[in-house]
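These are the residues of each chain, in order.
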Amino acid sequence: MKQFKKMKKQKQSKKPAGDQARYKTSIIYYLAVLGAVFGAWLIFVCLENKAFAPRSDFITSKIKQVSCSSDYKKYPIFEKCTPATLCARCVKDGLISESELDTLTNLAKNGFSYGGSFGGASILDLHSGALSAGGKFINIYQALNESQLSDLFSGDAMKVYEKVKNKIKGAVTNEFGVDPVNLFLTKPTFFSKMTSKPAYTKHDEYWHSHIDKVQYGSFDYTSLLYLSDYGSDFEGGRFVFDDKNDTIEPKLGRVSFFTSGSENPHHVEKVIDGTRYAMTVSFTCDPKHSIENSLWQ
Ligand SMILES: O=C(O)CCC(=O)C(=O)O
Ligand SMILES: [Fe+2]
């Protein structure tokens, strides 16, 4: 009897221990599920927020196709050039050499040293000579004499400028399967300088969303060459494709290019600190809108 009581007592004391173990197991199980769900959410959020082209990545070539808009149909169509079935946004690093970048940066800075907008956006167009100056534009080719111009824009530097534009054209024609004889440089093709200064005229408001084909008409392919680094030379100033929030973080030498229609609406974020230098190089399929190399040299 005594033995039986002892066994019963043992049995009673074991029962809660078993429950406790089951309790522990289910807690661990729920925590693991919770952890997995949280981890999956974190990965999703990180992927969603990751820039299309982060500054920290070296991108040999990245292309994202988008459906072509019908914008091009409002203009003459040039077979084998006008975007019809292949529209996309692309990024390439490493296309332009360090010394070429150095030369271009100097060309831009030399030109801007003679002008610059009162507001946050200045342009220098080496084809026409247009340069932002205060609240208007001047023509630097008229404002300066030959010897000043040769000091600012040497023959060798201008050759590098032409070479770089051709390299970029090569990247565009290659990616979009266009014969280079069918694609032409168009205007405006220019250097840009952006700062956090408040806008003085409408031309300073670079941050509005826009479509290049709508804004400029002649554009079929837009390209950009960045001459400074997001996050160290300036803050803000990232390039954003508005539809999918695909963001390109500018960095020295990064080239981006895309078809110019409303399949690629975009804006530049306001620069909040520092100075952002870039170059917009635009291409058309319409020979009527083709521009010559620079008027100078
Ligand atoms: O500088 C940039 O990143 C973009 C400029 C732009 O959108 C343009 O020139 O049309
Ligand atoms: Fe644009």
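Residues numbered from 1 in each chain as written. Chains lettered and ligands numbered in written order. Predicted model: local features only at pLDDT ≥ 70, side-chain atom pairs only at ≥ 80, totals over all residues. Heavy atoms only, no water.

- The chain appears in an unreviewed UniProt entry as 2-oxoglutarate and iron-dependent oxygenase domain-containing protein 3-like from Phallusia mammillata.
- You can read under Cofactor (unreviewed entry) in the UniProt record for the chain the words "L-ascorbate". (UniProt positions renumbered as here; feature names shortened; annotations may be inferred.)

## So, the coordination of the iron ion (ligand 2)
And then number 1: Around the iron ion (ligand 2), the donor atoms from the protein are His 210 (NE2), Asp 212 (OD) and His 266 (NE2), and they sit 2.1 to 2.3 Å away.
And then number 2: Counting the intervening residues between successive donors of the iron ion (ligand 2) yields the motif H-x1-D-x53-H. Taken as a pair, His 210 and Asp 212 share a single burial class, namely buried. (Donors = N, O, S within 2.8 Å, 3.2 Å for Na, K, Ca; no water. Buried < 20%, exposed > 50% of the residue type's maximum accessible area, 1.4 Å probe, protein only.)

## A few points about the layout of surface pockets
Empty space left among the atoms is revealed by rolling a probe the size of a water molecule over them.
And then number 1: For the largest pocket, the calculated volume is near 750 Å³.
And then number 2: Breaking the lining of the largest pocket down by element, the ones donating at least two residues are strand S4 (121-124), strand S5 (130-134), strand S7 (184-194), helix H6 (212-216), strand S8 (221-226), strand S13 (266-268) and strand S15 (276-284).
And then number 3: Residue contributions to the lining of the largest pocket peak at four residues, all from S7.
And then number 4: Partitioned by chemical class, the residues of the lining of the largest pocket number 17 nonpolar, 10 polar and five charged. (1 Å grid on protein atoms, 1.4 Å probe; cavity = no way out; pocket = protein on both sides within 12 Å on 5 of 7 lines; lining within 4 Å. Points joined across faces, edges and corners; volume = space filled by probe spheres on them. Helix = DSSP H or I, 4+ residues; strand = E, 2+ residues; numbered from the N terminus. Nonpolar A, V, L, I, M, F, W, Y, C, P; charged D, E, K, R; others polar.)

## Quick look at the pattern of salt bridges
And then number 1: Enumeration according to the criterion identifies 16 salt bridges in this entry.
And then number 2: Ionic pairing is found between Asp 243 and Arg 89, a salt bridge with its closest N-O pair at 3.2 Å. You can see Asp 243 sitting in the loop between strand S10 (239-241) and strand S11 (246-248) and its partner Arg 89 sitting in strand S2 (residues 87-92), a full 154 residues away along the chain.
And then number 3: A salt bridge links Glu 269 to Arg 238, with the shortest nitrogen-to-oxygen separation between them at 2.8 Å. You can see Glu 269 sitting in the loop between S13 and strand S14 (271-274) and its partner Arg 238 sitting in the loop between strand S9 (234-236) and S10, a full 31 residues away along the chain.
And then number 4: On the basis of relative accessibility, which here comes to 23%, the residue Arg 238 falls in the partly exposed class.
And then number 5: What you see here is one network of salt bridges that share partners, running through Lys 64, Arg 89, Asp 243 and Asp 246. (Salt bridge = Lys/Arg side-chain N within 4 Å of Asp/Glu carboxyl O.)

## Concerning the packing of aromatic side chains
And then number 1: The final tally for this structure, using the stated rule, is 11 aromatic pairs.
And then number 2: Summarising the aromatic geometry, the rings of Phe 176 and Phe 257 are spaced 6.3 Å apart at their centres and angled 70 degrees between planes, so their arrangement reads as edge-to-face. Placement of the pair is Phe 176 in helix H5 (residues 155-176) and Phe 257 in strand S12 (residues 255-259), with a sequence separation of 81 residues. Grouping residues by exposure puts Phe 176 and Phe 257 together as buried.
And then number 3: For the pair Tyr 206 and Trp 207, a centre-to-centre distance of 5.1 Å together with 80 degrees between the ring planes defines the contact as edge-to-face.
And then number 4: Exposure remark for Tyr 206: the relative accessible area of 11% places this residue in the buried category.
And then number 5: Given the relative accessible area of 22%, Trp 207 is considered partly exposed.
And then number 6: Each residue in the set Phe 176, Tyr 221 and Phe 257 is aromatic and connected to the rest through ring pairs, giving one cluster.
And then number 7: Positioned over the ring face of Phe 241 is Arg 89, at 4.1 Å from the centre of the ring.
And then number 8: Positioned above the aromatic ring of Trp 207 is the side chain of Lys 270, whose terminal nitrogen or guanidinium carbon lies 4.4 Å from the ring centre. (Phe/Tyr/Trp six-rings, centres within 6.5 Å; stacked < 30°, edge-to-face > 60°. Lys NZ or Arg CZ within 6 Å of the ring centre and 35° of its normal.)

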